[in-house]
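# What the coordinates show
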Amino acid sequence: MDSLSESSAPPTAVPEPAFSQAPSSRTVSISTAPVGTGSVDLEKEQSPSSDEPNITEDARTQGDDALNIVSDDIRYVTAEENKRILSRIDRHIMPVLFITYFLQFMDKQILALSSVFGIVQATNLHGEEYSVIGSVAPIAQMALQPLSAYFLVKFKLSVYIPVLVMCWGSTLACMAAARDFPGLLVSRFFLGGFETSTQAAFILVGQMWYKRHEQGLRLTIWYSNVGWVNIIGSLIMYGFGHITHGAIHSYQIAFIVLGLLTLLWGIASFFLFPDNPVKSKFLTRDEKVIAVERIRANQQGVETKIFKWKQVLETLLDLKSWCWMGLLILHAIPAGAINVFGPLVVRGFGYDGYDVMLFLIPYGALQVISMVGSYWLSTKFQYKSPLVVVFLIPCIIGMTILYVTGRSKADQPALLVAYYLLASSSAVAPAMLGWQAINTAGHTKKASIGPLLFQPQDGPYYHSGILACIICYSGAAALALSTTAYLRYLNKKNEIRRVNAGKAAKIVDYSMTTTEAKDATPGSAEKEEPQSTIGRRAFEDLTDLQNDEFIYVL
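As the structure is a computational prediction, the values presented were derived from the model and not from experiment.

Moving on to the overall build of the protein. Secondary structure summary: the protein contains 21 helices and six strands in total. Within the span of the protein, comprising 554 residues, buried residues form 58% of the whole. Carbon together with sulfur atoms contributes 66% to the accessible area of the protein, which is approximately 21900 Å² in total.

Okay, structure coming up:
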């Protein structure tokens, strides 16, 4: 958590609230739980005043879905309640996100895995055509991002995402019929278009259901499929690669099988994909209230289906938005290149297609290990930006070795080590996504050119592409440091805004603290100065720039 500047105002705790039915009187109930005691209710009659934020009818219609079940009452969620509801949420949400993202990334990666089993030759691809096919999916995603952002706000995720899963599964199965460059190009464009919203939707699901300190683990779990696909997908293609006789090629069989599996999962997702906590089917009304309470300290709300153009404008004018975009692009350009050309690069070391599939298995394992390590470090030190820089360093080293090393048989061990160093890149993406997700509020508020850096005719060295990747990774590290400085400035600015509004300059961010850790802090109850107004506007769909109680995580 950010270390804020000193102020004469005492630290104030952001309540970790739970909601109950709105009472008929103007009584505000606040409970604190000193160590070793039960909860203590502090009740006081409050007369309406201009500085006390109330949930107005306008806020209910223009604000967050959570306002349909919350009232002005604030109480802490007990550790037992938090554990019980969190476990229930995990059981219903995480398997769905994990399987869906595995299928998406597998469907996306199958082109690269097929590249060493003859798809280039079978479809008569020449010159830059394979590079263009590798790039067209992210080009479609980039072009459709504005439309995707609108759909994510207007449509129920529990319907929208299953429809997309069915569409991209059908597209992948049909791609088996493509026998030339135009057919593959069109198929990959639609595949990328249908996959545009998935990652953003999963981040929204994390913000709807989890406290900020809980989101990192869940994001790491579903994003770890980047590594699991290289492990399991390589084994699948290793098996399909041995089918060398028959009317269709091995890669076509893979397209059909994976496409049909994805289509079936899309149908099942209509019954399994989660809605927001207010509308969820697996929680009782009381459990919905607790689920919403848990995330009040996030200051990010739950969900609203009103598309707000003011938030779009703020996003465009917000320097942070451009920092996040710059970071993701600078990382995604080389990451996209590695995804599409990685197997071909390894084959350029002097191995055949079967060896390449086997070498990708430890690479995938290193990706998963890197992501787990990144999450553990971020949890231990409560910082995001240093991790981005630290895990970019092995990428720069690995790319440099690939650039300066030859391609003789004696160089193969060094080349493999260099390639395996690039696995740390997989830890950067979830760190960046998590960093952006926990520092953005307001429900309305990537890589297309990467494969174009590599050309098949540049193999086996790919000097121009590797040099471009080194530049991108170095630029991402520099931008991460600059973004950190800007977030620190915004935290200082919010301190001043809170003081001017009559609040304490420093407030405790319980969204980055476990309930157990808070309760175990010696004397925490005595140090807190409860203020009933802190967190009252958490569900009015305020953006992070509008909310002076928002604390940016560095």
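If you walk through the whole model with that rule in mind, you get six salt bridges. Among the ionic pairs, glutamate 287 bridges to arginine 88, the shortest N-O distance being 3.5 Å. Of this pair, glutamate 287 sits in helix H12 (residues 285-294) while arginine 88 sits in helix H2 (residues 79-114), and the two are 199 residues apart along the sequence. Overall, arginine 88 belongs to the partly exposed group, its relative accessible area being 26%. Two residues, arginine 218 and aspartate 90, come together in a salt bridge whose shortest N-O distance is 2.7 Å. One end of the pair, arginine 218, is in helix H9 (residues 212-223); the other, aspartate 90, is in helix H2, and 128 residues separate them in sequence. Classification of arginine 218 by relative accessible area gives buried; the value is 10%.

Glancing now at a nonpolar patch on the surface. There is a patch of nonpolar side chains on the surface, built from Val159, Val163, Leu264, Ile267, Phe270, Phe271 and Leu272 and spanning about 660 Å² of accessible area. Ranked by residues supplied to the nonpolar patch, first place goes to helix H11 (residues 250-272) with five residues. Given a relative accessible area of 71%, phenylalanine 271 falls into the exposed group.

Turning to its location among the elements, leucine 219 is positioned in helix H9. The spacing of leucine 219 and leucine 97 is 122 residues in sequence and 9.4 Å in space, taken between C-alpha atoms.

Moving on to the packing of helix H16 (residues 385-404) against helix H17 (residues 412-421). Axis separation between H16 and H17 bottoms out at 7 Å; the angle between their running directions is 150°. Considering their axes alone, H16 and H17 lie roughly antiparallel with respect to each other. For the crossing formed where H16 meets H17, the hand is left-handed. Counting all contacts with H16, which are made through Pro394, Cys395, Ile397, Gly398, Ile401 and Leu402, the residues of H17 involved are Ala414, Leu415, Ala418, Tyr419 and Leu421. Residues belonging to the contact of H16 with H17 are distributed by class as follows: 10 nonpolar, one polar and no charged.

Throughout the structure, instances matching the rule amount to 19 aromatic pairs. Feature note: the residues Tyr101, Phe105, Phe202, Trp222, Tyr223 and Phe273 constitute an aromatic cluster, connected by ring pairs.

Attention now goes to the environment of asparagine 276. As for its placement among the helices and strands, asparagine 276 is situated in the loop between H11 and H12. We classify asparagine 276 as buried; its relative accessible area is 0%. A C-alpha to C-alpha distance of 9.9 Å links asparagine 276 and alanine 291, two positions 15 residues apart in sequence. Separated by 2.9 Å, the side chain of asparagine 276 and the backbone nitrogen of valine 278 make a polar contact.

In this section: the side chain of threonine 484. Within the secondary structure layout, threonine 484 lies in helix H19 (residues 463-500). If we skip the residues at most four places from it in the chain, threonine 484 touches Ser385, Trp435 and Leu554.

A few words now on the nonpolar core. With 114 residues, the main nonpolar core has Tyr130, Trp209, Trp222, Tyr223, Phe349, Met399 and Tyr419 as its most contacted residues. The element best represented in this core is H2, accounting for 16 residues. Contacts of tryptophan 222, omitting those with residues within four sequence positions, involve Met94, Leu97, Phe98, Tyr101, Gln199, Phe202 and Ile203.

Analysis parameters
Residues numbered from 1 in each chain as written. Predicted model: local features only at pLDDT ≥ 70, side-chain atom pairs only at ≥ 80, totals over all residues. Heavy atoms only, no water. Helix = DSSP H or I, 4+ residues; strand = E, 2+ residues; numbered from the N terminus. Buried < 20%, exposed > 50% of the residue type's maximum accessible area, 1.4 Å probe, protein only. Areas by Shrake-Rupley, 256 points an atom, 1.4 Å probe, with all protein chains shown as cover. Salt bridge = Lys/Arg side-chain N within 4 Å of Asp/Glu carboxyl O. Patch = residues over 30% accessible without salt bridge, like charges linked within 9 Å, V, L, I, M, F, W, Y side chains within 5 Å. Axes fitted to C-alpha atoms, helices over the stretch in contact; angles between N-to-C directions. Parallel < 35°, antiparallel > 145°, perpendicular 65-115°, else oblique. Left-handed = near helix turned anticlockwise from the far one by under 90°. Contact = heavy atoms within 4.5 Å. Nonpolar A, V, L, I, M, F, W, Y, C, P; charged D, E, K, R; others polar. Phe/Tyr/Trp six-rings, centres within 6.5 Å; stacked < 30°, edge-to-face > 60°. Polar contact = N/O pair within 3.5 Å; in protein donor to acceptor, adjacent residues only side chain to side chain. Core = buried A, V, L, I, M, F, W, Y, C linked by side-chain atoms within 4.5 Å.

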